[in-house]
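Each chain is listed here by its residues.
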Amino acid sequence: MSTDRSVYIAGAYEHPTREAQNKTQEQLHAEVARGALDDAGLASSDVNGYLTSGVPEYTYALVPIVMADYLGLEVNFADGTNFGGSSYPAHVKHAANAIRDGMCDVCLITFGGRPRSRDDDESGTGTRPLRILQDSFERIYGMNIVSMYAMAAKRHMYEYGTTAEQLAEVRVAASHHAQFNEHAVYPDPVSVEDVIDSPVIADPLHLYDCCSVTDGGGAVVVVSEEIREQLDRECVEVLGEGEYIKHQNGGTIDITSTGARHSGPAAFEDAGLTPDDVDYASIYDSFTITVLETIEDLGFCEKGAGGEFVEDGALQAPDGELPVNTDGGGLASNHPDRGGMLRTIEAVRQLRGEATEEVQVPGAEVALVHGTGGDISTRHASVTLLLGGEGR
Amino acid sequence: MSWEPKQLPDVTPESREYWAAAADGTLKIKECEACGSRFHYPRTLCPDCLGDTRWIETDGTGEIYAYSSSMRTQSWPEEELPHVIAYVELDEGPKMISVIDVNDPELVDIGTRVEVEFRATQQDDVAIPVFVPVE
Ligand SMILES: [Zn+2]
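Read on for an overview of the structure.

The rules we used
Residues numbered from 1 in each chain as written. Chains lettered and ligands numbered in written order. Predicted model: local features only at pLDDT ≥ 70, side-chain atom pairs only at ≥ 80, totals over all residues. Heavy atoms only, no water. Pairing = 2+ DSSP bridges. Helix = DSSP H or I, 4+ residues; strand = E, 2+ residues; numbered from the N terminus. Donors = N, O, S within 2.8 Å, 3.2 Å for Na, K, Ca; no water. Tetrahedral: all angles 85-135°; square planar, octahedral: opposite > 155°, others 65-115°. Buried < 20%, exposed > 50% of the residue type's maximum accessible area, 1.4 Å probe, protein only. Phe/Tyr/Trp six-rings, centres within 6.5 Å; stacked < 30°, edge-to-face > 60°. Lys NZ or Arg CZ within 6 Å of the ring centre and 35° of its normal. Axes fitted to C-alpha atoms, helices over the stretch in contact; angles between N-to-C directions. Contact = heavy atoms within 4.5 Å. Buried area = accessible area lost by both parts, 1.4 Å probe. Salt bridge = Lys/Arg side-chain N within 4 Å of Asp/Glu carboxyl O. Polar contact = N/O pair within 3.5 Å; in protein donor to acceptor, adjacent residues only side chain to side chain. Nonpolar A, V, L, I, M, F, W, Y, C, P; charged D, E, K, R; others polar.

Before going further, it helps to examine the sheet that holds strand S3 (residues 53-57) of chain B. Taken together, three strands build an open sheet; the order of strands is S2-S1-S3 (chain B) and the sheet is antiparallel. Here the strands that pair on one side only, and so sit at the sheet edges, are strand S2 (38-39) and S3 of chain B.

Given below as structure tokens:
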């Protein structure tokens, strides 16, 4: 049921590239901006709100002032909320709030990244720039993002009996979906055994438990009810959102759960929905453990029961209990430093009935997007976004 | 193979005493004068209540809360792998990230008792705490 305060995603576009050797990161933003505006049937001159964030995170670089200049946008509202990979579902809600406040009526959100082509080989010296104050207590030891997520997997196994085979099921589902995505970087189906047999990167995580590293990008356009009425394109309603920053809390952190424990219930309350209402979920899949913990924390199963939940194809479209990441996700389709925008776009496809035929969830009316930006074992921003199809 | 520091931490007004204590062979954490909370990494004001804090000496002992053996990474010299990253839950309360400096990762498990050792850097007043299993 829409009201005059209803806000919609009217345009969505995912860049088809997975390797952009000869493009700048800014160019990727421009190309996805054009794609999303074309999809909505809007022009660059219609945009009066702009949101973005990107890598590098910790310098004055990829921020709305710089990018609005580059894109030539004239905007009354801008937001550079930087939640790492979960920035973009948060931007959707921040755009919706600004539209409801009357600050603007067409918000463009852009994302682009090119870690595959960027030269940031750390070449095994153990010396890396210390970027944030916590790095002096963490990064100097030689840890990286894989070892931090691996610690969470290890503790989850210890507390709940989760197995490597159960984690592998998350990748099996992603790869099952990716075979139908012509742009997926890893389109070959894999078995549980394939995951277990892939090299251990950081115990207990194998190579196939880790997301891909690709170039790419995406954009969405968020509009007011009034603008939507002028458009021909099928739109997706923004139903609710929740955010939570989870951190070490002075050293009392429990790494078997994520901030989704807070952002999930907040989003469901905002939307007046429950986990039972969700037909499709895009869940940030930096690693297989990320999905497993998130499914528990969002209330799709009891805490600790995620391993059992993901068995027997529960995450596989179209018939699984909770189809997840039907584009192949970050694990098998693409992860250009950050995944939140691309997962949002797949949720839009599902609600428009425009996902790839083999993975389209029949009659999908409610989709959940969940982002985990940062590090599950130290600090991250959890964002849960609920979207509804036009037929609801 | 012994874990050796590859770079210096940023020594700040908030952390200088932590690194200097390590160079003197003591692991220090912060305790809140207002609420009694003990925490790591060091901050001037308490992350629980923003109260004033003081340094306390720990026994340098605890147990492993979580760990992972890195087998393949660009973050560390290949010939020194695997190395074991861990969260150590100190007997005084807080969990801290460190490495478990062992030749054989099989010696490490969740719950393993560990104690602190310090690895010197090229700077006299800075050493890095690492942990080893208690015999
Ligand atoms: Zn306090």
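Resuming the write-up.
It is worth spelling out the coordination of the zinc ion at this point. Residues and elements named next belong to chain B. Every protein donor of the zinc ion is listed here as Cys32 (SG), Cys35 (SG), Cys46 (SG) and Cys49 (SG), and their distances to the metal cover 2.2 to 2.4 Å. Here the zinc ion is ringed by four donor atoms whose angles at the metal span 100 to 117°, and the overall shape comes out tetrahedral. Read in sequence order, the donor residues for the zinc ion give the motif C-x2-C-x10-C-x2-C. Linking Cys35 in the loop between strand S1 (28-32) and S2 with Cys46 in the loop between S2 and S3, this pair joins segments that are eleven residues apart in sequence. By relative accessible area, which is 41% here, Cys35 ends up partly exposed.

What follows concerns the packing of aromatic side chains. Throughout the structure, instances matching the rule amount to nine aromatic pairs over all chains. Between Tyr88 of chain A and Phe111 of chain A, the aromatic rings sit 4.9 Å apart at their centres with planes inclined by 50°, giving tilted as the arrangement. Here Tyr88 of chain A, found in helix H3 (residues 87-100), pairs with Phe111 of chain A, found in strand S4 (residues 106-113); they are 23 residues apart in sequence, far enough to count as distant. The exposure class of Phe111 of chain A is buried, given its relative accessible area of 1%. Grouped by ring-pair contacts, the aromatic residues Phe137 of chain A together with Tyr18, Trp19 and Tyr41 of chain B constitute a single cluster. Across the ring face of Tyr208 of chain A, the terminal group of Arg171 of chain A is positioned such that the distance to the ring centre comes to 4.9 Å.

Paired through backbone hydrogen bonds, the strands of a sheet run either parallel or antiparallel to each other. Residue and element names in this part refer to chain A. Across the sheet, which stays open at both edges, the nine strands sit in the order S3-S2-S4-S7-S1-S8-S11-S10-S9 with mixed pairing between neighbours. In the strand order of this sheet, the two ends are held by strand S3 (77-79) and strand S9 (280-283), each with one partner. Ignoring strand direction, the axes of neighbouring strands in this sheet form an average angle of 20°. Two strands pair when backbone bridges link them, and S4 and strand S7 (residues 216-224) are joined in this way by eight bridges, in the antiparallel orientation. Within the sheet, the bridge partner assigned to Gly112 lies in S7 and is Gly217. Most of the contacts of helix H1 (residues 25-40) go to S4, to which it runs at about 140°, and overall it touches strand S1 (7-14), strand S2 (49-52), S4 and S7. The strands touched by helix H12 (residues 340-352) are S1, S4, S7, strand S8 (236-246), S9, strand S10 (366-374) and strand S11 (380-388); relative to S1, the strand with the most contacts, the crossing angle is about 110°.

This part covers helix H9 (residues 288-297) of chain A. Residue and element names in this part refer to chain A. Buried residues dominate H9, accounting for ten of its ten residues. Here H9 has its buried residues at Thr288, Ile289, Thr290, Val291, Leu292, Glu293, Thr294, Ile295, Glu296 and Asp297. Just beyond H9, the residue with positive phi is Gly299, at close to 95°.

As a further point, take the pairing of strand S5 (residues 83-90) of chain B. Residues and elements named next belong to chain B. Of all eight residues that make up S5, seven are buried, and the element is covered over most of its length. Both strand S4 (residues 61-70) and S5 contribute to a ladder of eight bridges, which runs antiparallel. The residue bridging Ile64 from the neighbouring strand is Val88, located in S5.

Looking now at the interface of chain B and chain A. Residue-level contacts link 44 residues of chain B with 42 residues of chain A. In total, chain B and chain A occlude about 3,600 Å² of area from one another, counting both sides; carbon and sulfur atoms represent 56% of this. Counting every contact that joins chain B to chain A gives zero salt bridges. Along the contact surface separating chain B from chain A lie 24 residue pairs in polar contact (both at pLDDT 80 or more). Contributing elements (two or more residues each) for the side of chain B that touches chain A: helix H1 (16-23), S2, S4, S5, strand S6 (95-100) and strand S8 (127-133) of chain B. A breakdown of the residues in the side of chain B that touches chain A according to their chemical character gives 25 nonpolar, twelve polar and seven charged.

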